[in-house]
Amino acid sequence: MHTPHLDSKTPAGPLESKWQRYCFDSKLIAPHNKRKYKILVVGSGLAGGAAAATLAEQGYAVECFCYQDSARRAHSIAAQGGINAAKNYQGDGDSVYRLFFDTIKGGDFRAREANVYRLAEVSSAIIDQCVATGVPFAREYGGLLANRSFGGSQVSRTFYARGQTGQQLLLGAYSSLVRQIGLGAVKMFPRTEMLDLVVVDGHAKGIVVRDMVSGKVRSHAGDAVLLCTGGYGNVFFLSTNAKGCNVTATYRAYKRGAYFANPCFTQIHPTCIPVAGDYQSKLTLMSESLRNDGRVWVPKKKEDCAKPPAQIAEEDRDYYLERKYPSYGNLAPRDISSRSAKEACDDGRGVGPGGLGVYLDFADAIKRFGEPVIKERYGNLFDMYERITGENAYKQPMRIYPAVHYTMGGLWVDYNLMSNLPGLHVLGEANFSDHGANRLGASALMQGLADGYFVIPHTLPNYLATVKPGTVKPDAPEFKQAEAEVNERTRKLLSIKGKRTVDSFHRELGLLMWDKCGMARNEAGLKEALKRIPELRAEFWSNVFVPGEGEELNQSLEKAGRVADFLEFGELMCLDALTRKESCGGHFRTEHQTPDGEALRDDDNYAFVSAWEYVQGGEPVLHKEPLVYENVKLATRSYK
Amino acid sequence: MHRKTMNFTLRVWRQKSANAAGRFVDYPARNIPDEASFLEMLDIVNEELEARGEEPIAFDHDCREGICGMCSLVINGLAHGPNGSHATTCQLYMRLFDDGSTIYVEPFRATPFPIIKDLVVHRAALDRIQQAGGFISNRTGSAVDANANPVSKRDADGAMDAAACIGCGACVAACPNASAMLFVGAKVTHFARLPQGQPERDRRVLAMVGQMDKEGFGNCSNHYECEAVCPAEIKVDVIAHLNRDFDIAKLKSATVGV
Ligand SMILES: Cc1cc2nc3c(=O)[nH]c(=O)nc-3n(C[C@H](O)[C@H](O)[C@H](O)COP(=O)(O)OP(=O)(O)OC[C@H]3O[C@@H](n4cnc5c(N)ncnc54)[C@H](O)[C@@H]3O)c2cc1C
Ligand code: FES
């Protein structure tokens, strides 16, 4: 079907001045009018927390929602390694343009130039803002901020707070948020889950939520809705995400008309603790920052795999990243490093149980710097590794394996961060905008805070200026209808009373997605998944057992609702993966690779964003946003 | 794939709702891999309960990597379980327990943390304490360059040590007086060690302590149980810091004003 191309609303003019021009041309809302606008912010992570705090500070009436018991527990808290910014404090040749270029290239040329440039441009102000709110970044003895390196870059531009950067950034945003809560400018609704989006006359005007303590379903109306609900990596069941991370908020918006962009672009992180057994509930990341000092290797010979690593001689080790990518070495980007680990293991040279692991070895770094220095840099990660595996990584190499970590796909947004549904804005990991087909390390924190602190406060007024505030109330028929649908769904889930647990369905879906739509994909596998998912979904709706009642705290019901959405969304991911007949970034189609096994892009036919429109009872419709590169030259991504 | 499995008897606090009476109920936990975490062990028990058509045990959790502060159990009488490991419940592994033993599982108990259901409690009181003053008032976009004010590594590290608090409330649950001094002290110390934190230093400590008292948290009488259970290894020094800052701020408020 032919559909018109999507308009990204990218401002005209040279790349370097687009954002400044945009800000100058933007509409302003007078201070006394701001409080008449109610903004619903779903999510309190870096994106939502920063947006809610800043918009409230500017005078808007803000309501903020999260499913945890406190805004401070959003999953941004778990980010370890760091946040990028083009400060060039190290004087090593960094610049806004270099950060922009690295990010575009890192994304394998599947992101929108103007958005990425803006991200790089505001990155510097993020660090200033964080320091001003008291984020205790690592410092050098001279009192200035310290930096480390992350994958896909040859400069040192990553700011960090030990191995807890996300925690400190989030607590910074949270402190600004609670200040506004105390001032009465933000009303916070913790333990509240968004279950539907309400659209009135084509505009997003509210949400339906379930109070997770009382189980009561109710509506909130507003003049704009900001979805800052994070990523959907849990579609794979096992991932580095928190257990509650879900696709529900964005998927419900999709079902109400918002386009879902590039759903198949998922990031498999190379350095996670390998799966140990089928009881396992999640996977734990070992920060990419470890690759600053750790060397990745597997034995050259299969026979050596079972030997203790210390007994494998230096010349019998294959430091495969250093061998294949000499100029980036162990800091090759994530998609490439993950795929190389998979190749080594597929080749029978993996280590540890099941042969699904590679070594990350610190022996050289410890010899060079001493154990105390390594401890200061990564102590908490080594401790966590020991708690989980019972092994001491100061004495023997870590065993790591790739795991699902981040989702580049998300709801489609234009330059304003507004979806195709007027009024619906999407920030942070929940949107698709900045990372193309692969995200570079330390750039999600940057994007979340950029969107929340510095972009949305400038772009939202352009929408608000076009609507009269407070026109829709939660007793409008559209709200009643959406509430009724939510209640009906709950009733249905509780009434099936089948034989299988929610988790058993989630695990089965996850395995299927990992096998067919994970690190490597191909037509046959994807077609198989597209056949299997609807069957599994049908079984879910006829044989799941959800105990308890609707109007109480009911964790099984919460899970069931999320898994029901994953069971639909997984299909959209596979469809997107099947449709994109090229390899790019984290999307590796085995049919499309170079002779030496690298991703083979097809710029003539696939230099576009896939934006899927939901069609009730039919196949989703694909809309394309062509990616036009005016500044960078599309090139084969090389890290050799 | 896993090598060793273990068996336990769980004695778990079940409480249908905030106002219902609670009681301990025994559940067998069978064939638990020694590599499973405490919460994965509960997952296995819950799956069995559900398979039998019973209601699973409700407990709070999210990140399962020891950082979000959401998990909150008292295990064998200790907040976050056998200590010495300085880990949250989600980072506790079954290999630490004796095969065949009986394990008591209770919610965090403190008057300011009312029970919602089973092992799930309300900890919004901690948010309200931070709301009262646990922040630096700066407008987004008004900051000076991040390197404009150098901070000694000693102070930056000291601030980070205190800022590492995950806000789980184990300190409160472990304290015989249900004191929140470790939590408040950590936040006050974090900001007090940084130049940005100075302008509001006095107001902050007065406001946070005022709210802490209002919420019904008890006083510190030097039991140090809080430090012993803290998964973020916050030291009781922050309480000394808090007391000193509080005294100075009170004196100032009585004289020059804060
Ligand atoms: C283990 C780990 C380590 C990482 N390390 C780094 C790193 O070093 N550097 C880096 O740049 N990036 C890192 N990332 C990625 C980065 O942390 C995330 O992409 C980013 O923090 C996402 O922020 P967010 O605000 O978009 O979403 P989140 O922080 O996930 O917040 C989502 C919010 O939405 C709420 N929510 C979700 N669904 C609903 C619903 N249905 N109803 C109501 N509320 C809802 C949640 O309660 C939460 O408040 C890491 C990620 C992981 C998992
Ligand atoms: S679940 Fe996050 S700290 Fe335990």
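Residues numbered from 1 in each chain as written. Chains lettered and ligands numbered in written order. Predicted model: local features only at pLDDT ≥ 70, side-chain atom pairs only at ≥ 80, totals over all residues. Heavy atoms only, no water.

### Structural notes on the overall build of chain B
Inference 1: Along the backbone of chain B there are eight helices and seven strands.
Inference 2: Across its three principal directions, the C-alpha atoms of chain B cover 65 × 40 × 35 Å.
Inference 3: Relative to its 258 residues, chain B shows a buried fraction of 58%.
Inference 4: Taking the contacts inside chain B whose residues are at least 6 apart along the sequence as the reference set, 70% of them involve residues at least 24 apart.
Inference 5: In the structure as shown, chain B presents an accessible area of about 10200 Å², 49% of it carried by carbon and sulfur atoms. (Helix = DSSP H or I, 4+ residues; strand = E, 2+ residues; numbered from the N terminus. Buried < 20%, exposed > 50% of the residue type's maximum accessible area, 1.4 Å probe, protein only. Contact = heavy atoms within 4.5 Å. Areas by Shrake-Rupley, 256 points an atom, 1.4 Å probe, with all protein chains shown as cover.)

### Description of the sheet that holds strand β11 (residues 266–272) of chain A
All names here are of chain A.
Inference 1: Reading across the sheet, the five strands line up as β11-β15-β14-β12-β13 and stay open at both edges, with antiparallel pairing between neighbours. Either end of the sheet is taken by a strand with one partner, and the two such strands are β11 and β13 (317–318).
Inference 2: Bridge count for strand β12 (residues 295–299) against β13 is two bridges, and the pairing is antiparallel. Opposite Pro299, over in β13, you have Arg317 as the bridge partner. (Pairing = 2+ DSSP bridges.)

### Description of the site of ligand 1
Inference 1: Taken together, 38 residues form the shell around ligand 1, and within it Gln68, Ser76, Met194, Glu429 and Leu445 of chain A come nearest.
Inference 2: Those chains with residues close to ligand 1 are chains A and B.
Inference 3: With respect to ligand 1, the backbone of Ser44 of chain A contributes an N or O atom lying 2.8 Å from an oxygen atom.
Inference 4: One of the backbone nitrogen or oxygen atoms of Cys228 of chain A is found 3.3 Å away from an oxygen atom of ligand 1.
Inference 5: In the complex, the protein chains occlude 97% of the 1000 Å² of accessible area that ligand 1 would expose alone.
Inference 6: Top contributing element to the shell around ligand 1 by residue count: strand β6 (residues 192–200) of chain A, with three residues.
Inference 7: Across the shell around ligand 1, the residue classes break down as 16 nonpolar, 18 polar and four charged. (Near = heavy atom within 4 Å. Polar contact = N/O pair within 3.5 Å; in protein donor to acceptor, adjacent residues only side chain to side chain. Nonpolar A, V, L, I, M, F, W, Y, C, P; charged D, E, K, R; others polar.)

### A word on the environment of Asp335 of chain A
Residues and elements named next belong to chain A.
Inference 1: Along the chain, Asp335 falls in helix α9 (residues 334–346).
Inference 2: Its relative accessible area of 5% is what places Asp335 among the buried residues.
Inference 3: Sequence separation between Asp335 and Pro595 is 260 residues; the distance between their C-alpha atoms is 18 Å.
Inference 4: Not counting the four nearest positions on each side in its chain, Asp335 is found in contact with Asn438, Gly585, Gly586 and Arg637.
Inference 5: Here Arg637 takes part through its side chain, which lies 2.3 Å from a polar atom of the side chain of Asp335.

### Considering helix α1 (residues 38–51) of chain B
Inference 1: If you check α1 of chain B, its first and last C-alpha atoms are 20 Å apart, about what 14 residues at 1.5 Å a residue would give, namely 20 Å.
Inference 2: The buried count for α1 of chain B comes to eleven of 14 residues, which makes it a mostly enclosed element.
Inference 3: Residues of α1 of chain B that are buried include every one of Phe38, Leu39, Glu40, Met41, Leu42, Asp43, Ile44, Val45, Asn46, Leu49 and Glu50 of chain B, and no others.
Inference 4: Here the buried face of α1 of chain B lies against α14 (502–517) and α16 (555–579) of chain A together with β1 (5–14), β2 (23–33), β3 (73–75) and β5 (102–107) of chain B.
Inference 5: Two residues or fewer after α1 of chain B comes Gly53 of chain B, characterised by a positive phi angle close to 80 degrees. (Expected span 1.5 Å × (residues − 1).)

### Concerning the pattern of salt bridges
Residue and element names in this part refer to chain A.
Inference 1: Scanning all chains against the criterion turns up 76 salt bridges over all chains.
Inference 2: Between Glu571 and Arg537 there is a salt bridge, with the nearest N and O atoms lying 2.6 Å from each other. Taken as a pair, Glu571 in helix α16 and Arg537 in helix α15 (residues 523–543) lie far apart in primary sequence, 34 residues in all.
Inference 3: Among the residues examined, Arg537 registers a relative accessible area of 19% and is labelled buried.
Inference 4: Within the structure, one salt-bridge network assembled from shared partners comprises Asp108, Arg110, Asp335, Arg580, Glu582, Arg601, Asp603 and Arg637. (Salt bridge = Lys/Arg side-chain N within 4 Å of Asp/Glu carboxyl O.)

### A look at the nonpolar core
Inference 1: Ile39, Ile83, Phe137, Leu226, Met398 and Leu424 of chain A together with Phe38 of chain B are the most contacted members of the largest nonpolar core, which has 265 residues in total.
Inference 2: Contacts of Met398 of chain A, omitting those with residues within four sequence positions, involve Met286, Leu290, Val358, Tyr359, Leu360, Phe362, Phe382, Tyr385 and Ala393 of chain A.
Inference 3: Ranked by size, the runner-up nonpolar core spans eleven residues in total, among them Leu195, Val472, Ala476 and Phe479 of chain A. (Core = buried A, V, L, I, M, F, W, Y, C linked by side-chain atoms within 4.5 Å.)

### A few points about the domain arrangement of chain B
All names here are of chain B.
Inference 1: Domains assigned within chain B are domain 1 (5–117) and domain 2 (123–257).
Inference 2: Taking only C-alpha atoms, the centre of domain 1 and the centre of domain 2 are 30 Å apart.
Inference 3: In this assembly, 19 residues from domain 1 lie in contact with 21 residues from domain 2.
Inference 4: Summed over both partners, the interface of domain 1 with domain 2 comes to about 1500 Å²; 66% of that surface belongs to carbon and sulfur atoms.
Inference 5: Seen at the junction of domain 1 and domain 2, the total is one salt bridge.
Inference 6: Residue Arg123 pairs with Asp60 through a salt bridge whose shortest N-O separation is 3.8 Å.
Inference 7: At the boundary of domain 1 and domain 2, one finds three residue pairs in polar contact (both at pLDDT 80 or more). (Domains from an automatic or database assignment. Buried area = accessible area lost by both parts, 1.4 Å probe.)

### Details of the interface of chain A and chain B
Inference 1: Tallying the contact residues gives 80 residues for chain A and 78 residues for chain B.
Inference 2: Counting the surface lost from both chain A and chain B, the interface buries some 6500 Å², and carbon and sulfur atoms represent 51% of this.
Inference 3: Between chain A and chain B we count eight salt bridges in total.
Inference 4: Linking Asp145 of chain B and Lys87 of chain A is a salt bridge whose minimum nitrogen-to-oxygen distance equals 3.0 Å.
Inference 5: One can count 45 residue pairs in polar contact (both at pLDDT 80 or more) joining chain A with chain B.
Inference 6: The set of elements that each furnish at least two residues to the side of chain A that touches chain B consists of α3 (46–58), α5 (113–132), α6 (165–182), α11 (371–389), α12 (444–464), α14 and α16 of chain A.

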